[in-house]
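Understanding the architecture of this molecule
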Amino acid sequence: MEKYADDAHRSRELVQIRTDVPILFDQDSFRYQGPTVERCFTLFSELGFRRLLADYAPSAVTVEKDYGVVRSETELTTLISNIRSSHPIGLAVLPSNSDPMQADPVGVSISLGTRHARYVPLGHRALDADNNLSRSRSLEILGKPLGDSTVAKVGHDSKKISLVLGRQGIEIKGVKTDTLIASYLLDPASSHEISALAIEHLGYKSISTEQIIGKGSKALSFADVPADALYEFACESSDLPLQLADRLHSLLTENELGELFSNLELPLVPVLIELEKAGVQIDTGALASQSLSVQKKLDKYQKDIYLLAGEEFNINSPKQLSVILFEKLQLPSLKKTGKTKSASTSVSVLQELALTHELPAKVLEWRSLQKLKGTYIDALPGLVNPETGRIHTSFNQ
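Keep in mind it's a predicted model, so treat the numbers as computed, not measured.

As a further point, take the nonpolar core. By size, the foremost hydrophobic cluster in this structure holds 37 residues, and its most contacted members are Leu94, Tyr119, Ile212, Phe222, Leu230 and Phe261. The set of elements that each furnish at least two residues to this core consists of β4 (116-121), α7 (179-186), α8 (194-202), α9 (209-213), α10 (227-254) and α11 (258-278). Of all the elements, α10 adds the most residues to this core, at 10 residues. If you look at the next biggest cluster of nonpolar residues, it comprises 25 residues, including Ile83, Leu112, Val120 and Leu165.

Written out as structure tokens, the structure reads:
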């Protein structure tokens, strides 16, 4: 101890924590301030964390952009002159409802280049009505470049755009890229929403439709949202397809799908547009007569079923039908359902039971007529477009 006393003192001094050393310490600088968005986005992109990626991707709030609302005919005329010198242009329309054959254009969005777009409000209601330009005059001005095949256009679901504007007498020509169709060709199983494509190919988080109008039964019409509240969404709707076009074209070429896209899929769009516009005419009077006739047959089958069962019950209820067949009539239980493991009353089971008892056969006939009446005879008249008197379906590519 005496021999190494100096070493012991020195060691003690070395391990001693000094609390009197002058140091600048800002406690707030050590507080957690949240993730560094840019670094997280880069890291998650490299690792392929798609779900997390959307939370840190650049958005309309963080990127520099030139989006705006056209508020006068003079500004619209300037926009049209710029279209002539910008090729291609991005095009989008905000419809008043989800059915393009009954929708009016609430507004039209045109992108002249990356993150450069304008929104032309045409059909906003209530307090925002003063922001609308004259629909007829604006569409007359827009119709010339939109109908010019020498002005190349890019859109997402160009068929829907064409149908909505077609109702206003505007025929869209010169569509060179439809990002919806391109996305489907590249990966039929993935999402083809513009928001999904923006994240995957541009690393950009777009404004969702739900953020603007809500969803489900409580969803608004675009017409009920002020132009100043949705113009960035509208501008993205024309800008993002334009940004995606070159990227998707490259991928189509890499996957040897370029010719299929250009020579088959795009030329097919105008054909489908004409088919959807033509629609199908139905004889609503004949269907109404058939509905009455089928209902009489259903009533007759129902009485027969109740008579065979010895009581009334809900024929549409698998549980109640099961009780009648397998407990009251003591018919053999041929199959169990997957979840509840109760006796099955599926079509195949009833078909086999019908060989030995009349009631299952009557139920099959009743079910068949009920489906025919509910799915077609009574439903089709409700699908008739009140303006054209025809049913207009939607054909997907």
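Turning our eyes to something else, we now look at the side chain of Ser291. You can see Ser291 is positioned in helix α12 (residues 284-309). If we ignore the near neighbours within four places in the chain, the residues touching Ser291 are Lys373, Ile377 and Asp378.

What follows is about the packing of aromatic side chains. Applying the stated criterion across every chain, the model contains 4 aromatic pairs. Ring centres of Phe222 and Phe233 lie 5.7 Å apart, and the angle between their planes is 25°; on these two criteria the pair is classed as stacked. Taken together, the residues span a long stretch of sequence, with Phe222 in the loop between α9 and α10 and Phe233 in helix α10 at a distance of 11 residues. Comparing Phe222 with Phe233, the two get one shared label, buried. Ring centres 6.0 Å apart and planes at 65° place the aromatic pair Tyr306 and Phe313 in the edge-to-face group.

In this section: the sheet that holds strand β2 (residues 89-95). Sheet architecture is open: 6 strands sit in the order β1-β4-β3-β2-β5-β6, paired in mixed fashion. Only two strands of the sheet have a single partner each, and these edge strands are β1 (66-69) and β6 (175-178). Pairwise comparison of adjacent strand axes, ignoring direction, gives a mean angle of 25° for this sheet. The pairing of β2 with strand β5 (residues 153-155) spans 2 bridges and is classified as parallel. Within β5, the position partnered with Gly90 by the bridge is Val154. Of the strands in this sheet, β1, β2, β3 (105-113) and β4 are in contact with helix α4 (residues 73-84), which crosses β3 at around 45°.

Let us now look at the pattern of salt bridges. A complete count under the given rule lists 18 salt bridges for this structure. Of the charged contacts, one joins Glu73 and Arg137 as a salt bridge, the two residues approaching to 3.2 Å between their closest N and O atoms. Of the two residues, Glu73 sits in helix α4 while Arg137 sits in helix α5 (residues 135-146), which places them 64 residues apart along the sequence. In this structure, Asp148 and Arg84 form a salt bridge, with 2.8 Å as the shortest nitrogen-oxygen distance. Taken together, the residues Asp148 in the loop between α5 and β5 and Arg84 in helix α4 connect sequence positions 64 residues apart. Three or more residues are tied together by salt bridges with common partners; here these are Asp104, Arg135, Arg167 and Glu387.

Thresholds, definitions, all that
- Here the residue numbering is sequential within each chain, running from 1 through the sequence in written order.
- Predicted model: local features are reported for residues with pLDDT of at least 70 only, side-chain atom pairs are reported and counted for 80 or more only, and whole-chain, interface and lining totals are derived from all residues.
- In computing side-chain properties, one takes all heavy atoms of the structure into account and sets aside hydrogens as well as water.
- Put simply, buried Ala, Val, Leu, Ile, Met, Phe, Trp, Tyr and Cys residues joined by side-chain atoms within 4.5 Å make one nonpolar core.
- Remark: exposure states derive from per-residue accessible area (1.4 Å probe, protein chains only) relative to the maximum for the residue type, with buried under 20%, exposed over 50%, and partly exposed in between.
- Helix numbers and strand numbers start at the N terminus; a helix is a DSSP run of H or I with at least 4 residues, a strand a run of E with at least 2.
- Should any heavy atoms of two residues lie within 4.5 Å, those residues are counted as being in contact.
- Within 6.5 Å between ring centres, the rings of Phe, Tyr and Trp (the latter by its six-membered ring) count as paired, and their orientation is classed by plane angle as stacked under 30 degrees, edge-to-face over 60, tilted in between.
- By definition, two strands form a pair when at least two bridges between them are found by DSSP.
- Angular values range over 0 to 180 degrees, each being the angle between N-to-C directions of two axes fitted as lines to C-alpha atoms, with helices fitted over their stretch in contact.
- Any carboxyl oxygen of Asp or Glu that lies within 4 Å of a side-chain nitrogen of Lys or Arg is treated as forming a salt bridge with it.

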